[in-house]
Amino acid sequence: MDEQQRLLERLPDYLNGHVEGDDARHIAALLESDAAWKTQAALLGDVRAAIAAQMEEVDDDTGLSELKRRIARPDTAVPRSSWWQRLGASFLGPALAPALMATLAGVCVMQGWMLYSRPDTEIAWRSAPLDVGTPAANLEVRFSADASLAQVEAALIRAESRIVAGPQGGQRYLLQARDPAAAVVQLRASAVVVESTVLVAGPPP
Amino acid sequence: MSMQSLSPSELLAAMAGGDQRALDALYRDWSRKVRVFAHAKLVRCGLDADAIAGEITVDVFHDLWRDPLRYDGRVEFVTWLLTLTRNKTVDQIRRHGKRQAAEDMFNDDSTFELEAGMHAETAPDPLALRETAQRHTAVQRCLQRLRNPLQRESLTLWALEDLSVRDIARIQGAPEGTVKTRLFHGRLNLKSCLERWFVQEGGRHG
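Everything numeric in this text was worked out from a predicted model, so none of it was measured.

K.L.:
Mind showing me how you'd approach the overall build of chain A here?
P.N.:
Summing up its helical and strand segments, chain A has nine helices and four strands in all. Taken from N to C terminus, the helices and strands of chain A fall in the order α-α-α-α-α-α-α-β-α-β-β-α-β. Residues counted as buried form 17% of the 205 residues belonging to chain A.

Given below as structure tokens:
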């Protein structure tokens, strides 16, 4: 770009007072001596005058009453809400209604499937072996027919044993004792025990 | 204190305190520039430029009233105000879905001639006044006929408020070199249009 062209592009800034120094002096000299430069400056002066004339055609107050009406109107804009309200509103918005309905339908299907595919726990209980948890008996005892409950209880406490099955025929009971041999001794010493026998333990099931 | 003696920043501060007189003063000082600039951007868009420029002007000052402290003083007030105006105008043009009309200045002789003729008939005497008014009209019409809307916008901004190329570049969001080019080619096109206008005028009266 030659110097004249560079200065010509600075002419608008010069005319608006934004050029100083050497450039300003050169432009001023060219405007004094060069007819083409004078034409360019006159053209920009015409633009400025035309825009000023356009502004003159408009009254200062044009639109001011409309502005005041707008200010006096209550603000119809939606008030700012907190983030969680906006989040909720966006989820409940009509645009998301189909997604919300699809989610609810999915939950219903899932619950139905869980209801009808529940494992049959009752069958599992019925098929469990009956001797599970039954304590093993290691004594057999026959109480006298007139023995009271309190007497039986006292005899069992002394023998450190408990009834695990009975009564069987002839007032017989199966007992479990921590020490069967010692328990037999204690039981035979009791007045309400007719007979007592240590049971031999069988093979494990 | 008179509102007329206050700077835009002081008026905005008063508006922040709810003073509507400050808004009135600001509006009277600046609304014409806002309106003329918006109008310059809207011509040849196929829209009602006068009506929409009026709406934009009210809208700009309504925004200022609602949030006067948006202006933070980092640039000159005029630069900031005209940038706001430009953004609103561009939004309006987009909203209406219009493009710049593809009118060809050289295929528009009938309108060109008609407007010149109308003005010659209605211009007042004396002769000098009429010639000045004719020249203003010719420049305004030729500005509107510039095919490149950014050249028209650059020239309008330059004439509105003694803006520098740097300020215009800031408003247009363009490099300074681009603005210089727009101003230069805008002048050339304007000169060409004016020569054509006055040749027709000379033929009419000669």
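K.L.:
Please clarify how the interface of chain B and chain A should be interpreted in this entry.
P.N.:
In many analyses, interface size is given as the accessible surface area lost on bringing the parts together. Counting from both sides, the interface comprises 34 residues of chain B and, opposite them, 28 residues of chain A. Of all the secondary-structure elements, those providing two or more residues to the side of chain B that touches chain A are helix H2 (20–42), helix H3 (49–66), helix H6 (127–145), helix H7 (149–161) and helix H9 (176–205) of chain B. The biggest single contributor to the side of chain B that touches chain A is H2(B), with eight residues. Here the residues of the side of chain B that touches chain A are counted per class, giving 16 nonpolar, eight polar and ten charged.

K.L.:
Just to check I follow, could you spell out the pairing of strand E2 (residues 161–168) of chain A for this structure?
P.N.:
Two faces make up the sheet, and in a regular strand the side chains alternate between them. Residue and element names in this part refer to chain A. Bridge analysis of E2 against strand E3 (residues 172–177) gives five bridges, and the strand direction is antiparallel. By the bridge assignment for E3, Ser 161 is matched with Ala 177. Counting the residues that bridge the hairpin from E2 to E3 gives three residues, and of these Gly 170 lies at a positive phi of roughly 70 degrees.

K.L.:
What should I look at first to understand unusual backbone geometry in this one?
P.N.:
A negative phi holds for most residues other than glycine; trans holds for most peptide bonds. Positive phi is not limited to glycine here, since Glu160(A) has a value of about 50 degrees. Inspection of the secondary structure puts Glu160(A) in the loop between helix H8 (149–158) and E2. Positive phi, normally seen in glycine, also occurs at Arg44(B), with a value near 65 degrees. Position of Arg44(B) relative to the elements: it lies in the loop between H2 and H3. According to the C-beta neighbour criterion, Arg44(B) is partly exposed, with 19 such atoms within 10 Å.

K.L.:
Looking at this structure, how should I read the sheet that holds E3(A)?
P.N.:
Residues and elements named next belong to chain A. Read across the open sheet, the four strands follow the order E2-E3-E1-E4; overall the sheet is antiparallel. The sheet is open, and its two borders are formed by E2 and strand E4 (193–198), each paired with just one other strand. Within the sheet, the average angular offset between the axes of one strand and its neighbour, ignoring direction, is 25 degrees. Helix H9 (residues 180–188) contacts strand E1 (139–143), E2, E3 and E4 of the sheet and is inclined by roughly 170 degrees relative to E4.

K.L.:
Would you mind going over the environment of Val185(A) with me for this structure?
P.N.:
For Val185(A), the location among the structural elements is in helix H9. As for Val185(A) and Ala159(A), which are separated by 26 residues in sequence, their C-alpha atoms are 8.0 Å apart.

K.L.:
What should I look at first to understand helix H1 (residues 3–15) of chain A in this one?
P.N.:
One full turn of an α-helix is made of 3.6 residues, so residues set three or four places apart face in the same direction. Residue and element names in this part refer to chain A. The end-to-end C-alpha distance of H1 is 18 Å, a good match for the 18 Å that 13 residues give at a rise of 1.5 Å each. In the structure, H1 departs most strongly from a straight axis at Glu 9, where the bend amounts to approximately 35 degrees and where the proline Pro 12 lies between one and four residues downstream. Among the residues making up H1, those that are buried are Leu 8, Leu 11, Pro 12, Asp 13 and Tyr 14. In the segment just after H1, Gly 17 is the residue with positive phi, at about 80 degrees.

K.L.:
Would you mind going over the confidence of the model for chain B with me for this structure?
P.N.:
Residue and element names in this part refer to chain B. Residues with a pLDDT of 70 or more make up 80% of chain B, whose mean pLDDT is 83. Put simply, helix H5 (residues 109–122) is where chain B has its lowest mean pLDDT, 42, and helix H8 (residues 165–172) is where it has its highest, 95. The low-confidence segment residues 98–124, where pLDDT is below 50, has 29 contacts with residues more than four positions distant or belonging to other chains. For this predicted complex, the interface score ipTM comes out at 0.81, while the overall pTM is 0.61.

Cut-offs used in this document
Residues numbered from 1 in each chain as written. Chains lettered and ligands numbered in written order. Predicted model: local features only at pLDDT ≥ 70, side-chain atom pairs only at ≥ 80, totals over all residues. Helix = DSSP H or I, 4+ residues; strand = E, 2+ residues; numbered from the N terminus. Buried ≥ 20, exposed ≤ 12 C-beta atoms within 10 Å, placed from the backbone. Contact = placed C-beta atoms within 7 Å. Nonpolar A, V, L, I, M, F, W, Y, C, P; charged D, E, K, R; others polar. Pairing = 2+ DSSP bridges. Axes fitted to C-alpha atoms, helices over the stretch in contact; angles between N-to-C directions. Expected span 1.5 Å × (residues − 1). Bend = angle between axes of the 7 residues up to and from the residue. pLDDT = per-residue confidence, 0-100.

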